Amino acid sequence: AKRVDIALVQSLVARGIPIITIEDHSIRGGFGACVLEACNEHRVETRGITRLAMPDGWVYQGERKEQLVDAGLDPAAIARSVRRCR
C-alpha cells in the first residue's frame, strides 16, 4: 500500500471526507503513519485522518479474534469508528 497517493489524500481532505486507515499490526511505522508523513511533507491537514491499528505495546496472548476485539479492530469497533468520523 505504500507510495501514498497524496493527490487523492489532498482531494479527500479538501472535500472534508474523513480518511480511516486500518491495519492489523503496530500503529507505529505502518501505512497510517506513511499517510501522516506524506501529509506533513505536503502540508495537508491531518485532523480528518483516523488510524486504527494494534496498540504500540503488549498484546495479550489469545486467539486472533480476541486480540482484534481488544485492539478495537473487530468489525463492530471499526463500524463505530466509521460512524464517529462522519
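Everything below is about the structure printed above this text.
The rules behind the values
Within any chain, residue numbers begin from 1 and follow the written order of that chain's sequence. Given that this is a predicted model, residues contribute local features only at a pLDDT of at least 70 and side-chain atom pairs are listed and counted only at 80 or more, while totals for whole chains, interfaces and linings are drawn from all residues. Side-chain figures throughout are based on the complete set of non-hydrogen atoms in the structure, without hydrogens or water. Aromatic pairing here means that ring centres of Phe, Tyr or Trp (its six-membered ring) are within 6.5 Å. Orientation follows from the plane angle: under 30 degrees is stacked, over 60 is edge-to-face, and everything else is tilted. Exposure above 30% relative accessible area and no salt bridge define the residues that can form patches, which grow by joining like charges within 9 Å and nonpolar side chains of Val, Leu, Ile, Met, Phe, Trp and Tyr within 5 Å. For accessible areas, the Shrake-Rupley method is used with a probe of radius 1.4 Å. Any residue's cover is judged against the shown protein chains and nothing else. Each salt bridge in this description consists of a side-chain nitrogen of Lys or Arg and a carboxyl oxygen of Asp or Glu lying within 4 Å of one another. A positive count includes Lys and Arg, and a negative count includes Asp and Glu. His and the chain ends are not counted in either. Note that the charge is assigned to NZ on lysines, CZ on arginines, CG on aspartates and CD on glutamates. A run of DSSP states H or I qualifies as a helix once it reaches four residues; a run of E qualifies as a strand once it reaches two. Both are numbered from the N-terminal end. Between buried and exposed lies partly exposed: a residue is buried under 20% and exposed over 50% of the maximum accessible area for its type, with that area taken using a 1.4 Å probe on protein chains only. Paired strands are those between which DSSP finds at least two bridges. We call a crossover right-handed when, viewed with the strands running away from us, the connection from the first strand over the helix to the second turns clockwise.

Novice: Mind showing me how you'd approach the packing of aromatic side chains here?
Specialist: Each aromatic ring pair is described using two quantities: the centre-to-centre distance and the angle formed by the ring planes. On inspection of all chains with the given rule, the structure shows one aromatic pair. Taking the centre distance of 6.2 Å and the plane angle of 80° together, the rings of W58 and Y60 count as edge-to-face.

Novice: Sorry, what's going on with a positive patch on the surface here?
Specialist: Where like charges cluster on the molecular surface, the positive patch consists of R80, R83, R84 and R86. Relative to the helices and strands, R80 resides in helix α4 (residues 75–85). Take R80: its relative accessible area is 42%, and that puts it in the partly exposed class.

Novice: Explain the pairing of strand β2 (residues 49–54) here, please?
Specialist: Each regular strand carries side chains that alternate between the two faces of the sheet. Where strand β1 (residues 19–26) meets β2, five bridges bridge the pair, whose relative direction is parallel. For T21, the partnering residue across the bridge sits in β2 and is R51. In the classification by handedness, the crossover that spans β1, the intervening helix α2 (residues 31–41) and the parallel β2 is right-handed.

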